[in-house]
Amino acid sequence: MSRRPTWQRIHDDPALLPRYLMRERVIRAIRAFFYAQDFHEVETPLLVPVPSMEPYLEVFETELEDAFGGRQRAFLTNSPEYAMKRLLVAGLPRLFQVCKAFRNREDTGRKRNPEFTMLEWYRAEADYTAIMADCEALLAYLFTATGRQPTADGRFLLTYQGTEVDLTPPWERLTVQAAFLRYTGLDIETVQDLPALEAAMAARGYTVGGSPWDELLGQLFANEVEPHLGLDRPTILYDYPLPMAGLARRAGDPRYAERFEFYIAGLELGNAFSELADPVEQAARLAADQAERARLGRKAYVVDPDFLAALRVGMPPAGGIAVGVDRLIMLFADAASIHDTLWMPGHELFGIW
């Protein structure tokens, strides 16, 4: 990898510039798409007193000092989710946000940067099926907004890294259970307890022991299922086991939750829920996440009291999603890495190669 900074490479080779300007085109088109549907664009704080509680993510922590010498912990948020749900409670029926988000201890692979751009949107009186339709419509809109034209028969054919992907709705919809069965031959209905899953994975050559059920299933998913998703057409993977969906509403089968992720050309682009609005169940799940962080030896945080207070007032039924904008840009710029679309990627700024 070249160690010359991006600005210097663009200066020396102006032909690179259109790839970086794809960011402007995509973000402008995202805003136009949501404005046309009467969404409100909101801004919520990046600096917060309480971070979200995902067990496997780490945040950037700092210290806020007031003018009188008082000090308190502060954090760069890794998602505006808690704040935007409070705005659902406040009465905004449709809202979206394009913002920066931060994750510490991230690797420097082609799909990650410690500071990244996030798109989130929420619809009141909706569920995850409405968000699925939004995703299909948004990608079709971005296709034309980035200068492409449908085929004569109306298909949205995108070439990414030499492979043609058909973005035309409707996309493939696949439950997590069906995906495991198709790509691993394993029916996750038969491994609903930890000993059964450990035995099944040990038989496949995995080293197991000491990891919780959802972490082991996630490892199997990352290695044997995820590489197959969204290769020639987008895949919506839905109905995750409940332990893998801490902020999502339970599905009809209470062992599962109404969560989906969507994949295009092997890239995981978005994570969506029918939002959990029950304050008692949400508090219990956050407490479980808090305990899991402790088990993993990660920093301890309190559960966000204002988020739970808003749920107690009453959040309407809603669907919402977080989408990685840098990965969208990577897709439409036909870039192998998000670092090839960022003006100043983190590995350049901090010397991490």
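Residues numbered from 1 in each chain as written. Predicted model: local features only at pLDDT ≥ 70, side-chain atom pairs only at ≥ 80, totals over all residues. Heavy atoms only, no water.

Caption draft 1: Focus on the overall build of the protein. Regarding its fold elements, the protein presents eleven helices and 13 strands. Here the C-alpha atoms of the protein give a radius of gyration of 21 Å, agreeing with the 20 Å that 2.2 N^0.38 yields for 353 residues. Put simply, the protein has 353 residues, and 48% of those count as buried. Across the protein, the fraction of contacts at a sequence separation of at least 24, relative to all contacts at a separation of at least 6, is 68%. Within the structure as shown, the protein displays about 16100 Å² of accessible surface, and the carbon and sulfur contribution to it stands at 54%. (Helix = DSSP H or I, 4+ residues; strand = E, 2+ residues; numbered from the N terminus. Rg over C-alpha atoms; globule rule 2.2 N^0.38 Å. Buried < 20%, exposed > 50% of the residue type's maximum accessible area, 1.4 Å probe, protein only. Contact = heavy atoms within 4.5 Å. Areas by Shrake-Rupley, 256 points an atom, 1.4 Å probe, with all protein chains shown as cover.)

Caption draft 2: The pairing of strand β8 (residues 163–166), seen in detail. As judged from the four bridges shared by strand β7 (residues 157–160) and β8, these two strands associate in the antiparallel manner. Bridge assignment links leucine 157 to a residue of β8, and that residue is aspartate 166. The antiparallel pairing of β7 with β8 creates a hairpin that spans two residues between the two strands, and glutamine 161 there sits at a positive phi of about 50°. (Pairing = 2+ DSSP bridges.)

Caption draft 3: Representation of the environment of alanine 333 within the structure. Within the fold, alanine 333 resides in the loop between α10 (325–332) and α11 (346–350). Considering only alpha carbons, one finds alanine 333 and isoleucine 131, 202 residues apart in sequence, at a separation of 24 Å. Once you skip the residues sitting within four places of it in the chain, alanine 333 turns out to touch Arg19, Met22 and Thr341.

Caption draft 4: Region of the structure containing a nonpolar patch on the surface. Where nonpolar side chains cluster on the molecular surface, the patch consists of Leu17, Leu21, Trp343, Met344, Leu349, Phe350 and Ile352 and spans about 720 Å² of accessible area. For the nonpolar patch, the secondary-structure elements that each account for two or more residues are α2 (17–35) and α11. Mapped onto the fold, leucine 349 is located in helix α11. You can call leucine 349 exposed: its relative accessible area is 55%. (Patch = residues over 30% accessible without salt bridge, like charges linked within 9 Å, V, L, I, M, F, W, Y side chains within 5 Å. Salt bridge = Lys/Arg side-chain N within 4 Å of Asp/Glu carboxyl O.)

Caption draft 5: Summary view of the side chain of glutamine 282. Relative to the assigned elements, glutamine 282 resides in helix α8 (residues 279–295). Residue glutamine 282 is classed as buried on the basis of its relative accessible area, which comes to 0%. Leave out the neighbours within four places in its chain, and glutamine 282 touches Gly246, Leu247, Leu276, Phe307, Leu308 and Leu311.

Caption draft 6: Structural context of the sheet that holds strand β11 (residues 256–264). Here we have eight strands laid out as an open sheet, ordered β1-β5-β6-β13-β12-β11-β10-β9, and mixed in their pairing. With one partner strand each, in any of the chains shown, β1 (40–41) and β9 (172–175) form the two edges of the open sheet. As judged from the nine bridges shared by strand β5 (residues 94–102) and strand β6 (residues 115–124), these two strands associate in the antiparallel manner. Residue arginine 94 lies in a different strand from β6, and its bridge partner there is arginine 123. Contacting β1, β5 and β6, α2 runs over the sheet at an angle of about 155° to β5. (Axes fitted to C-alpha atoms, helices over the stretch in contact; angles between N-to-C directions.)

Caption draft 7: Summary view of the sheet that holds strand β4 (residues 71–76). Strand order in this open sheet of three strands is β2-β4-β3, and the pairing throughout is antiparallel. The sheet is open, and its two borders are formed by β2 (47–48) and β3 (60–65), each paired with just one other strand. In this sheet, β4 lies alongside β2 in antiparallel orientation, the contact comprising two bridges. In the strand pairing of β4, leucine 47 is matched with leucine 76.

Caption draft 8: Representation of the nonpolar core in the model. In this structure, Trp121, Phe262 and Phe332 are the most contacted members of the largest nonpolar core, which totals 47 residues. Those residues in contact with phenylalanine 332, other than ones at most four positions away along the chain, are Met22, Val26, Leu139, Leu142, Phe143, Thr146, Arg148, Leu158 and Leu167. Listed in part, the 24 residues of the second largest apolar core include Ala179, Val191, Leu237 and Tyr256. (Core = buried A, V, L, I, M, F, W, Y, C linked by side-chain atoms within 4.5 Å.)

These results come straight from atomic positions and should not be treated as a statement about function.
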